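One letter stands for each residue in the lines below.
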Amino acid sequence: MSLLKTAESKILACIQNDLWARFVTLPNQDRIWTLTLTNKAAHKEPGQATRTPLVMVHGFGGGVGLWIRNLDALSQSRPVYAFDLLGFGRSSRPTFPKDAAKAEEQFVTSIEQWRQSVGLENMILLGHSLGGYLATSYAIQYPSRSSSCRVSHLILVDPWGFPERLQTNTEAGQRTEVVKRPTLPRWVKAVAAVVSLFNPLAVIRAAGPWGPGLVNRFRPDFKSKFEDLFDDDTMTQYIYHCNAQTPSGEVGFRAMSESLGWAKRPMLQRVHLLPHSIPLTMLYGEWSWVDNSSGDTVLQLRDQAPTRVMVINKASHHVYADQPEEFNRVVQNICSSVN
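Residues numbered from 1 in each chain as written. Predicted model: local features only at pLDDT ≥ 70, side-chain atom pairs only at ≥ 80, totals over all residues. Heavy atoms only, no water.

This part takes up the overall build of the chain. The secondary structure content of the chain amounts to 13 helices and ten strands. Here the contacts in the chain between residues at least 6 apart in sequence split such that 76% fall between residues at least 24 apart. When the accessible surface of the chain is summed, it comes to about 14,800 Å², and 50% of that surface belongs to carbon and sulfur atoms. (Helix = DSSP H or I, 4+ residues; strand = E, 2+ residues; numbered from the N terminus. Contact = heavy atoms within 4.5 Å. Areas by Shrake-Rupley, 256 points an atom, 1.4 Å probe, with all protein chains shown as cover.)

Rendered as structure tokens:
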């Protein structure tokens, strides 16, 4: 964990705006590693303090450091909060249940308890990949009418776990549509090969001192995405040490997934429960392995509710790192539409 702290400190040293990094303690004593960013110059601007904060939720195996290309830009005009999900990064690593619904509930409850502990009354909620799935579940379970917090806008970035995995039922004489699985990159297939026997990232831990090299081999893109910020393997080390710790969040993820491409409880089955009062924007990467047709389905399911689906050109699954300027521009525009 100390090596993770060292790698993260080097990443966060790039931040220009005011940064407050600390652990937020939940009622059960679990701790959530949290960043709060505010613009130094904006403190003097009238109305700055009343602008709705942006809360950013990372994806599977990630952490707050992956937002390094976005934090300064997005905190120019409003406070930005980013935290390590329970069981990931520097946050506490409790035991997760093996039941999909209970594991999801533990994640979502921790987000609400974090929100209460921080004292947010309104927020623009942004989630990437697994974070997008959990952000949607949160917005469904904690709408403004039953919570003191109001989600002013929900932004889903290449969200995981939306499509349903349907099977063909020939015995009953019925033909069921089979959802075509999105084409997965080599690193996803490699990780998926061990999911059925181990926790998803067990191979990284089993590699011991060769772990960082393994990350470099299967995810060379992580280094290239940030090469203008770091001329060494800082980001690779960060990703490795995020996932070399005792498995916790990934145990919860494994409980929620049939494989890396599918959720046991697909969000498309529940997204209609998202209050129509919450505007929704879905951002996909043009080259991502995540099938963006789910976005079109969400558009139909939400009918008249304010919903947009956007594709960021020349971006893969990690949209925010592949095309940070365009990603930041789009998210800033969404935030500006709130206040």
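Most of strand 2 (residues 31–38) sits out of view: six of its eight residues are buried. In this sheet, strand 2 lies alongside strand 1 (residues 18–25) in antiparallel orientation, the contact comprising eight bridges. Pairing of Arg-22 across the sheet is with Thr-34, part of strand 2. Between strand 1 and strand 2, which follow one another and run antiparallel, lie five residues, and Gln-29 among them has a positive phi close to 80 degrees. (Buried < 20%, exposed > 50% of the residue type's maximum accessible area, 1.4 Å probe, protein only. Pairing = 2+ DSSP bridges.)

Here we come to the packing of helix 3 (residues 100–118) against helix 10 (residues 249–256). Axes are the key here: two packed helices are described by the angle between their axes and the distance separating the axes. Put simply, helix 3 and helix 10 touch, their axes get as near as 8 Å, and they point 140 degrees apart. Relative to helix 10, the element helix 3 is oriented oblique. For the crossing formed where helix 3 meets helix 10, the hand is left-handed. Within the contact between the two elements, helix 3 uses Ala-100, Ala-103, Glu-104 and Phe-107 and helix 10 uses Gly-249, Gly-252, Phe-253, Ala-255 and Met-256. Here the contact of helix 3 with helix 10 is composed, by residue class, of six nonpolar, two polar and one charged. (Axes fitted to C-alpha atoms, helices over the stretch in contact; angles between N-to-C directions. Parallel < 35°, antiparallel > 145°, perpendicular 65-115°, else oblique. Left-handed = near helix turned anticlockwise from the far one by under 90°. Nonpolar A, V, L, I, M, F, W, Y, C, P; charged D, E, K, R; others polar.)

This part covers the confidence of the model for the chain. Model confidence for the chain is summarised by a mean pLDDT of 87, while 79% of its residues fall at 70 or above. Note that residues 175–181 has pLDDT below 50 and, in this model, 16 contacts with residues that lie over four places away or in other chains. (pLDDT = per-residue confidence, 0-100.)

We now examine the nonpolar core. Ranked by size, the top nonpolar core spans 48 residues in total, and within it Trp-114, Leu-125, Leu-134 and Leu-154 carry the most contacts. Of all the secondary structure elements, the ones that give two or more residues to this core are strand 3 (54–57), strand 4 (80–83), helix 3, strand 5 (122–128), helix 4 (130–141), strand 6 (150–157), helix 10 and strand 9 (280–285). Among the elements that make up this core, the one with the highest residue count is helix 4 (seven residues). In this structure Leu-125 touches Val-55, Val-57, Ala-135, Tyr-138, Val-151, His-153, Leu-154 and Ile-155, once residues within four positions along its chain are discounted. Residues Met-56, Val-157, Leu-283 and Ile-334 belong to the second largest nonpolar core, which totals 39 residues. (Core = buried A, V, L, I, M, F, W, Y, C linked by side-chain atoms within 4.5 Å.)

Another aspect to go through is the pattern of salt bridges. Per the counting criterion, the structure on display carries eight salt bridges. The residue Arg-90 makes a salt bridge to Glu-8 at a minimum N-O spacing of 2.9 Å. In this pair, Arg-90 is assigned in the loop between strand 4 and helix 3 and Glu-8 in helix 1 (residues 2–12), connecting sequence segments 82 residues apart. According to the relative accessible area criterion, Arg-90 is buried, its value standing at 12%. Of the charged contacts in the structure, one is a salt bridge between Arg-329 and Glu-326, with a shortest N-O distance of 2.7 Å. Pair noted here: Arg-329 and Glu-326 are both in helix 13 (residues 324–338), with a separation of three residues, about one helical turn. Looking at Glu-326, the relative accessible area reads 31%, which means it is partly exposed. Connected through shared salt-bridge partners, Glu-104, Arg-265 and Arg-270 make up one network. (Salt bridge = Lys/Arg side-chain N within 4 Å of Asp/Glu carboxyl O.)

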